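# Notes for the structure review
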Amino acid sequence: DISAQDKQINLIIFSGNTLSGTISLPNDTTAPTGGLQVTVQAIDRNDSNNMFDTVANISAGMSQANYNLAIPAGEYTLCYYLPWTQDQPYIYNGYYSSSGMVEKEEQATPITIEGDSSVNLTLLLGASISGTITLPQPAPDGGLPVEILAIPEQSGTVGIKYITIPSGSDSYAYNLQGLYHS
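What comes next concerns the included structure. Note that the coordinates shown come from a computational prediction; the quantities given were computed from them, not determined experimentally.

### A word on the nonpolar core
Counting residues in each nonpolar core, the largest one holds 30 residues, and the members touching the most others are L19, I23, L36, L78, Y80 and L123. If sequence neighbours within four positions are ignored, I23 has contacts with V38, A56, I58, S63, Q64, A65, Y67, Y80, L121 and L123. Counting residues in each nonpolar core, the second largest holds 11 residues, with I133, Y174, L176 and L179 among its members.

### Digging into unusual backbone geometry
Of note, the phi angle at N27 is positive, near 55°, even though the residue is not glycine. Classification of N27 as exposed rests on a relative accessible area of 61%.

### Digging into the pairing of strand β2 (residues 36-44)
Extensive coverage of β2 is indicated by the burial of eight of its nine residues. Summarising the sheet, β2 and strand β3 (residues 51-58) pair through eight bridges and their orientation is antiparallel. The partner of L36 across the bridge, within β3, is I58. In textbook terms, the turn of a hairpin is the stretch between consecutive antiparallel strands, and for β2 and β3 this stretch comprises six residues. Where β2 lies against strand β5 (residues 74-81), six bridges are found, and the strand directions are antiparallel. Bridge assignment links A42 to a residue of β5, and that residue is L78.

### Description of the side chain of S97
Following the sequence through the fold, S97 ends up in the loop between β6 (93-95) and β7 (111-113). The residues contacting S97, other than those within four sequence positions of it, are V102, Q107 and T109.

### Some remarks on the environment of I71
For I71, the location among the structural elements is in strand β4 (residues 64-71). Under the relative-accessibility criterion, I71 is labelled buried at 1%. C-alpha of I71 to C-alpha of A42: the two residues are 29 residues apart in sequence and 8.3 Å apart in space. With near-sequence residues (within four places) excluded, I71 lies in contact with G16, N17, L19, A42, F52, Y76 and I113.

### Looking at the environment of I133
Its place among the elements puts I133 in strand β10 (residues 127-134). Residues I133 and Y174 lie 41 residues apart in sequence; the distance between their C-alpha atoms is 7.7 Å. Beyond its immediate chain neighbours, meaning those up to four positions away, I133 contacts V146, I148, I163, I165, D170, S171, Y172 and Y174.

The rules behind each value
- Residue numbers run consecutively from 1 along every chain, following the written order of its sequence.
- Totals for whole chains, interfaces and linings use all residues, but because this is a predicted model, local features are given only for residues with pLDDT of at least 70 and pairs of side-chain atoms are given and counted only at 80 or more.
- Side-chain numbers come from the whole structure's heavy atoms, not from hydrogens or water.
- We define the nonpolar core as a collection of buried residues of types Ala, Val, Leu, Ile, Met, Phe, Trp, Tyr and Cys that are connected through side-chain atoms lying within 4.5 Å of one another.
- Each residue is assigned to one of three classes by its accessible area relative to the maximum for its type, calculated with a 1.4 Å probe on protein chains only: buried under 20%, partly exposed between the two thresholds, exposed over 50%.
- Residue contacts are defined here by distance: any two heavy atoms, one from each residue, within 4.5 Å place the two residues in contact.
- Runs of E in the DSSP output that reach at least two residues are strands. Runs of H or I that reach at least four are helices, and both are numbered from the N terminus.
- Strand pairing requires that DSSP identify at least two bridges connecting the strands.

Shape descriptors only; they carry no functional weight alone.
In structure tokens form, the structure reads like this:
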């Protein structure tokens, strides 16, 4: 509580370490029109409520971007996550592992930060499901809105797509992308 009287607050600013690297798209793919925003996050292994993050923007037509994260010394789980959007081929979030990126946090390799460090990350390409929705009769005037869901058996983010089957049409081909493999 700060009253009308002047208060003095002293702060001590600790020097941090820099975790830096590149965030890349897989398989020589490039970012779509408008680019791709990727959040890189370091989660403290001793206190999962203690997280540090930064945003890297992969520009349209480019395949990678640099990131820099100011972070105290400690042991961390490093991950990326994407904004929740439809129709992107990449898994919503992935975790760093010394053997390559993984889908689940429990498979991640901890990183120890003691000074400046560099770790490169690559987005994970997701699975896809495609098919055709067939109606028993043509869609009514104004079309028929449909929600397509892919719900993982174990865990992970639900795949979702909203479509409208056009008026007069009795089928619609769809492709649901960015799904977890397990």
